[in-house]
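The residues making up each chain are set out below.
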Amino acid sequence: MKSFAFVFPGQGSQSVGMLDGWGDHPVVAQTVQEASEALGEDIGLLIKEGPKEALALTTNTQPVMLVAGVAAWRVWRADGGATPVAVAGHSLGEYSALVAAGVLTLAQAAPLVRLRAAAMQEAVPVGTGAMAAILGMEASKVIAGCADAMASFGAGTAEVVEAVNFNDPAQTVIAGTKAGVDKACELLKAAGAKRALPLPVSAPFHSSLMKPAAEKLRLALADVALATPQIPVLNNVDVAVQQDAGAIRDALYRQAFGPVRWVECVQALKARGVTHIVESGPGKVLAGLAKRIDPELVGAALFDPATLAETRELLA
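So, here is what we can say about the structure in this document. Quick caveat: nothing in here was measured; it's all calculated off a predicted structure.

## Comments concerning the sheet that holds strand β6 (residues 195–198)
With antiparallel pairing, the four strands of this open sheet are ordered in space as β4-β5-β3-β6. A strand with exactly one partner marks an edge of an open sheet, and here the two such strands are β4 (161–168) and β6. Ignoring strand direction, the axes of neighbouring strands in this sheet form an average angle of 25°. Sheet topology note: the β4/strand β5 (residues 171–177) ladder contains six bridges and is antiparallel. Across the sheet, Phe166 pairs through a bridge with Thr172, a residue of β5. On the sheet, helix α7 (residues 139–152) packs against β3 (129–135), β4 and β5 and is oriented at approximately 165° with respect to β4. With respect to the sheet, helix α8 (residues 178–190) is in contact with β3, β4, β5 and β6, its orientation differing from that of β5 by roughly 145°.

## Observations concerning the nonpolar core
Ranked by size, the top nonpolar core spans 70 residues in total, and within it Phe6, Leu66 and Leu104 carry the most contacts. Ranked by residues supplied to this core, first place goes to helix α4 (residues 58–78) with eleven residues. If sequence neighbours within four positions are ignored, Phe6 has contacts with Trp73, Trp76, Pro84, Ala86, Val87, Ala88, Val278, Ser280 and Leu302. Listed in part, the 20 residues of the second largest apolar core include Ala86, Trp262, Ala268 and Val274.

## Description of the packing of aromatic side chains
One pair of aromatic rings is described through two measures. These are the centre distance and the angle between the planes. Counting across every chain of the model gives six aromatic pairs. Between Phe6 and Trp76 the ring centres are 5.5 Å apart and the planes differ by 45°, which places this aromatic pair in the tilted class. Linking Phe6 in strand β1 (residues 4–8) with Trp76 in helix α4, this pair joins segments that are 70 residues apart in sequence. Note on accessibility: Phe6 and Trp76 belong to one class, buried. Every member of this aromatic cluster is reached through a ring pair, and the members are Phe4, Phe6, Phe8, Trp73 and Trp76.

## Thoughts on the packing of α7 against α8
The contact between α7 and α8 brings their axes to 8 Å, and the two run at 125°. If you check the angle between α7 and α8, you find them oblique. For the element pair α7 and α8, the recorded crossing hand is right-handed. Judged by residue contacts, Lys141, Val142, Gly145, Asp148, Ala149 and Ser152 of α7 engage Gly180, Lys183, Ala184, Leu187 and Leu188 from α8.

## Comments concerning the sheet that holds β1
With parallel pairing, five strands are arranged side by side in an open sheet as β7-β2-β1-β8-β9. Only two strands of the sheet have a single partner each, and these edge strands are β7 (233–234) and β9 (298–302). The pairing of strand β8 (residues 276–280) with β9 spans five bridges and is parallel. Bridging across to β9, Ile277 finds its partner in Gly299. Sitting on the sheet, helix α13 (residues 305–315) touches β1, β8 and β9, and the angle it makes with β9 is about 150°.

Rules used in this analysis
- Residues numbered from 1 in each chain as written.
- Predicted model: local features only at pLDDT ≥ 70, side-chain atom pairs only at ≥ 80, totals over all residues.
- Heavy atoms only, no water.
- Pairing = 2+ DSSP bridges.
- Helix = DSSP H or I, 4+ residues; strand = E, 2+ residues; numbered from the N terminus.
- Axes fitted to C-alpha atoms, helices over the stretch in contact; angles between N-to-C directions.
- Contact = heavy atoms within 4.5 Å.
- Core = buried A, V, L, I, M, F, W, Y, C linked by side-chain atoms within 4.5 Å.
- Buried < 20%, exposed > 50% of the residue type's maximum accessible area, 1.4 Å probe, protein only.
- Phe/Tyr/Trp six-rings, centres within 6.5 Å; stacked < 30°, edge-to-face > 60°.
- Parallel < 35°, antiparallel > 145°, perpendicular 65-115°, else oblique.
- Left-handed = near helix turned anticlockwise from the far one by under 90°.

The structure is reproduced here in structure tokens:
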């Protein structure tokens, strides 16, 4: 058996019908049922029929991506799949990773991510925040460009722009106020970035503007009992593995307004001896990023029976 880690995607990988490939798989059906009961609504119907616009609402996207990631993981385990060296999740995906590791139950996690999503949306009025992907530029230059953009507004400005997702060595996402992000995009393109691509999101996730949301999340987390991880969970905000419930809560709180250090997360997984990265849930974004972060890593995606069989063969 190869040395592998499971990783879980966040917002952006959702699509209407993303669980259809599993057919009527009982493990997937049970997972959907658990989440539906915890949320008090038919989450399976939303995933199956959408519409796309409803699925794209942050308050829906976060729970449905949690369900899809956990469903694929549970199928892997039910099929006799081995335990990974470690698990990690990109942003929201960290909650899926915590469910996989037994820290949270799905019934605990589903309402928690919905609250997280609602708090993030409420923290910044729609239209006043923005995010953009900066392509073809190393992270240190993106950070410097954000600082230059902030400086251009003068002392005491209310504008904000920060590097918030370090996705691969040449892709960094920035977030903040719309004016701040627009200015940074202008400066970064002038400084040599290949592209500065505005993202279709409803809030500036992982920026300091999310601190009000993080406070609501911190209060909610205080009431949630966390179990000891059964598998090491590498977190986004510190690129660290925590065992203590208080430390895990604190990392989730800070993750809401701190950057997703995904490049370092993947490098840390490799440092643990991981050679294969399995993305659990819809899409192949993280599998692709793994290869761009370190060409020696093998990326795989697990989202239906065919990819389950492929992953088993790949890791054998």
